[in-house]
Amino acid sequence: MDKNVKLQGGDKMKKTKSICIGAVIAALYVALTLINPISWASMQFRVSNILCVVPLVNKKIAPGILVGIAISNAFSPLGLVDVLFGVLAEGVAYALCVYGPLNKISLWKKAAILSLSVSMIVGAELTLAYSIPYFVNVASLFVSTSVILGIGVAVFSKGPMRSIMERI
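Right, let's walk through the structure included here. These numbers were taken from a predicted model, which means no experiment stands behind them. (Residues numbered from 1 in each chain as written. Predicted model: local features only at pLDDT ≥ 70, side-chain atom pairs only at ≥ 80, totals over all residues. Heavy atoms only, no water.)

### Things to note about unusual backbone geometry
Excluding glycine, residues mostly carry a negative phi; peptide bonds, for their part, are mostly trans.
Line of reasoning, step 1. With a phi close to 60°, Ser131 is a non-glycine residue in the positive phi region.
Line of reasoning, step 2. Checked against the element boundaries, Ser131 lands in the loop between α5 (107-130) and α6 (134-156). (Helix = DSSP H or I, 4+ residues; strand = E, 2+ residues; numbered from the N terminus.)

Below you can see the structure in the form of structure tokens.
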């Protein structure tokens, strides 16, 4: 009986730790998005997107990133529409590359799929909202997102940062 109580307490601690880490990641994502003047529109250099690589290393971080995207995008000029499209874009990529059939491919390939998902889905949103040609949105978002995610892959793919992210 004592053993069961200890196990339940340990499970609660793990869950609490996981929620806290998710909240910190979400807050960090929001802060990095909101201080960056180039966080919305066709050419987005969202510094916060460096963090979007972390769930590709440690899937426990994905919910925190998605919450961070939702909160950040609520501040965008498109509001709720941007929340829906942003979470959908990232969610599709994570469904494929973190939880789904592409979870065994390299980190660079996962980042490319994430860039493609964001550029295609957010590109459609921007085309609908601003009547900018779809190809222009997709191309500019793919380039800008790939640059930021490439930095994220370089930071989180090796060495101490990867080790830290894997242990969280």
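### Re the environment of Trp40
Line of reasoning, step 1. Its place among the elements puts Trp40 in the loop between α1 (2-34) and α2 (54-57).
Line of reasoning, step 2. Between the C-alpha atom of Trp40 and that of Val24, which follows or precedes it by 16 residues, the distance is 22 Å.
Line of reasoning, step 3. Not counting residues up to four positions away in its chain, the partners in contact with Trp40 are Thr33, Leu34, Arg46, Ser72, Asn73, Phe75, Ser76, Pro77 and Asp82. (Contact = heavy atoms within 4.5 Å.)

### Overview of the packing of helix α4 (residues 80-97) against α5
Line of reasoning, step 1. It is the contact of α4 with α5, at a shortest axis distance of 9 Å, that shows an interaxial angle of 155°. By the angle class used here, α4 and α5 are roughly antiparallel. The element α4 and its partner α5 pack so that their crossing is right-handed. For the pair α4 and α5, the contacting residues are Val81, Asp82, Phe85, Leu88, Ala89, Glu90, Val92, Ala93, Tyr94 and Cys97 in the first and Lys110, Ile113, Leu114, Ser117, Val118, Ile121, Val122, Glu125 and Leu128 in the second.
Line of reasoning, step 2. Considering only residue class, the contact of α4 with α5 consists of 14 nonpolar, one polar and four charged. (Axes fitted to C-alpha atoms, helices over the stretch in contact; angles between N-to-C directions. Parallel < 35°, antiparallel > 145°, perpendicular 65-115°, else oblique. Left-handed = near helix turned anticlockwise from the far one by under 90°. Nonpolar A, V, L, I, M, F, W, Y, C, P; charged D, E, K, R; others polar.)

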